[in-house]
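# Chains, contacts and geometry: an overview
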Amino acid sequence: MASLESLTEDLLVRIYKGLASDGDRKSWRLVCRDFHRIDALTRSSLRVLRVEFLRSLLANYPRLDTLDLSVCPRIDDGAVAVLLTSRGSPWAFPRAASSSLSPPGRDPLAWTRGLRKLVLSRSTGLGHHGLEQVIRACAYLESVDVSHCCGFGDREAAALSCGARLREVKMDKCLGVTDVGLAKIAVGCGRLEKVSLKWCMEIGDLGVDLLCNKCVDLKFLDLSYLKVTNDSLRSIGSLPKLEVLALVGCSLIDDTGLQFLGGGCPLLRVIDMSRCNGISSCGLISVAKGHEDLVQLNASYSLTECSSILLRCFKDLKNLNAIKIDGARVSDSAFKALSNCTSLVEIGLGKCIGATNLGLMRLVSGCVNLRVLDLTCCHSITDAAIFAISDSCRNLTCLKLESCNMITEKSLYYLGSFCLLLEELDLTDCGGINDTGLEYLSNCLELSCLKLALCPTISDKGLGHIASKCRKICEIDLYRCNGIGDDALAALSSGCKKLRRLNLSYCSDVTDRGMEYLGQLEELWDLEMRSLFNVTGVGLMALAAGCKRLADLDMKYCENVDDSGFWALAYYARNLRQEAKLVHLNKVTVEGFELALRTCWVRIKKVKLLAALRFKLSSDVRETLHSRGCKIRWD
């Protein structure tokens, strides 16, 4: 047998690139120094958790093209200055990148030469001076994400304008940026192709107009929830290369603005105008007639009524594959007009008034290629409609039936017989679903997401049928399923090893024994377990010891959990980093809370605590959480 030493560097690189998961790559680099070296030389992306290790990590990974600092709390201008210091000088501008592999660690600024994408989302401590330093140092940077940076304003936008090579800027919810800041970016970054300004409430028509005039290569533009008017749509209509436009929640635009779009943007393929309550079917008709190559159109919760004329216009769009008209009033004749759209793979009809069995039967008789269908809150449909859908659309992968109260186990029989490619099914608040129906549904072996919240007639037996056959399940919602207990969790732990998200809130029959079963699910990442009164510190200890990847945890009102459970979280749950809801836990002491928070504060982003703890937690804990960027919500 050949030894590891006989493997060439090229072979080792090929083997490394074949590793699928982060866990496998971590195990690889721990084998030996050569494997660690290959990892360092080959790795192209890095997500850093702690700022104190950032400089050494960047020195060890010289060939990065993506650097993600979104979970690196409180990186500030001082940290950036240290990163960009080389040989006693605070500046070192990039040279041409080397094409050959070289040993890591020789040049602490090697990472700046190849970096193409920088993610600074939620970096609350970084100011305009530090941002400008890093933008100038990374001269080949093409993409920057500064979304949700609460201190980001016009001065920081001016710093971004130093990136002359930038092609993508994401500034979602940067509430301090005005038209002035956007103008700086537009003038300095003329090569921009993708811009997202969602929730930047101080940006208006003036900034959008200048952006469209200066950045004529724009292909993607998101102006969702901005106070823009038809004047912005006039400017957008002049963009010759725009392919994707999002205008969600832009309540000041109307059909006149849509006419500007209808006569411009010749390459427009995708448009999202959901929750724009000023538009009507007439405006959408002008968009449809002006863009024969339209692929996706979303007008959810925008239209009072979806006319037959509009749907007939959709029929003429040969490439149209997705339509969403949720919340509109529809008729059976309107569905008939749409039934010949054989290219459609996704239709959204959630909360559509007038959706009936007859209309759906007419629709699916022609739309035989459907893969995604949303019928949320279509209260009038029955098993007859589900039979028509199952019989006609056998390639269906996603079906949403929340609050469709008239469907029964027969519908699940049809789905389990004909829709064998089904991956996602939402049966929330479908009171007619029972264990027999779940047994029929278990024939859908591709199921990965199943939502059964508020289904009172299902029990451990029904979930056992799903767990025994649907081995690809990674998400299950059992919110307020009162018939679910420990035996169901035993079945899940045995059959659904890939389970990552689970909602057990208000499943009052679950006990510590059930938590022990959950502890066998090593992939579990997100758990909601509100009001599980029969779970104690013993159960939480078993959960934490087994579920090492647990990141999001909601255990509100678990009143019998005590300090022992929190000590287990502190010791085992090292990945708890996103959001923890830790309120109404009467048996947990202040010391228990402090221990858990001290252990998790390196990574945790949000924590919900009782208001009374505000004056009981030590100032050291509160100040450290704040300094590391953790948001505390006092309930």
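Summary of the structure given here. Model, not experiment: these values are computed from the prediction. (Residues numbered from 1 in each chain as written. Predicted model: local features only at pLDDT ≥ 70, side-chain atom pairs only at ≥ 80, totals over all residues. Heavy atoms only, no water.)

## Digging into the packing of helix α12 (residues 255-262) against helix α13 (residues 281-290)
Put simply, the test is: To get an axis, a line is fitted to the C-alpha atoms, and for a helix only the part in contact is used. The angle between two axes follows their N-to-C directions and goes from 0 to 180 degrees. Helical segments are the DSSP runs of H or I of at least four residues, strand segments are the runs of E of at least two, and each set is numbered from the N terminus. In what follows, roughly perpendicular refers to angles from 65 to 115 degrees, roughly parallel to angles under 35, roughly antiparallel to angles over 145, and oblique to any angle outside these ranges. Every residue pair with non-hydrogen atoms within 4.5 Å of one another is taken to be in contact. Each residue gets one label: Ala, Val, Leu, Ile, Met, Phe, Trp, Tyr, Cys and Pro are nonpolar, Asp, Glu, Lys and Arg are charged, and the others, such as Gly, are polar.
Two numbers describe how α12 lies on α13: the axes approach to 8 Å, and their chain directions differ by 0°. On the basis of the axis angle, α12 is roughly parallel to α13. For the pair α12 and α13, the contacting residues are Asp255, Leu258, Gln259, Leu261 and Gly262 in the first and Cys282, Gly283, Leu284, Ser286, Val287 and Gly290 in the second. For the contact of α12 with α13, the class distribution of residues is five nonpolar, five polar and one charged.

## A look at the pattern of salt bridges
Note the threshold: Think of a salt bridge as a Lys or Arg side-chain nitrogen and an Asp or Glu carboxyl oxygen that are within 4 Å of each other.
If you walk through the whole model with that rule in mind, you get 14 salt bridges. With a closest N to O distance of 3.0 Å, Lys241 and Asp217 form a salt bridge. You can see Lys241 sitting in the loop between α11 (230-236) and β8 (244-246) and its partner Asp217 sitting in the loop between α10 (205-214) and β7 (220-222), a full 24 residues away along the chain.

## Concerning the nonpolar core
Going by this rule: To form a nonpolar core, buried Ala, Val, Leu, Ile, Met, Phe, Trp, Tyr and Cys residues must be joined to one another through side-chain atoms within 4.5 Å. Partly exposed residues are those whose accessible area sits between 20% and 50% of the maximum for their type, while under 20% is buried and over 50% is exposed, using a 1.4 Å probe and protein chains only.
Ranked by internal contacts, the top residues of the largest apolar core, which has 186 residues, are Met171, Ile236, Leu425 and Leu478. Here Leu478 is in contact with Leu452, Ala453, Ile458, Leu463, Ile484, Leu502, Asn503, Leu504, Ser505 and Cys507, once residues within four sequence places are set aside.

## Some remarks on the side chain of Thr112
Cut-off, in case you're wondering: Polar contacts, as used here, are pairs of N or O atoms within 3.5 Å; protein pairs need one atom able to donate a hydrogen and one able to accept it. Residues neighboring in sequence count only if both atoms are side-chain atoms.
Inspection of the secondary structure puts Thr112 in helix α6 (residues 111-114). Reaching out from Thr112, the side chain makes a polar contact with the backbone oxygen of Leu109 at a distance of 2.7 Å.

## Side note on the packing of aromatic side chains
Inclusion rule: The pairing test for Phe, Tyr and Trp rings, Trp by its six-membered ring, is centres within 6.5 Å, and the orientation test on the planes gives stacked under 30 degrees, edge-to-face over 60, and tilted for anything in between.
With the rule as written, the count across this model stands at six aromatic pairs. Relative to Phe418, the ring of Phe387 has its centre 6.4 Å away and its plane inclined at 70°; by these criteria the two rings are edge-to-face. Highlighted residues: Phe387 in helix α17 (residues 383-392) and Phe418 in helix α18 (residues 409-418), separated in sequence by 31 residues. The class for Phe418 is partly exposed, based on a relative accessible area of 24%. Seen from their ring centres, Tyr413 and Tyr440 are 5.2 Å apart, and the 75° between their planes marks the pair as edge-to-face.

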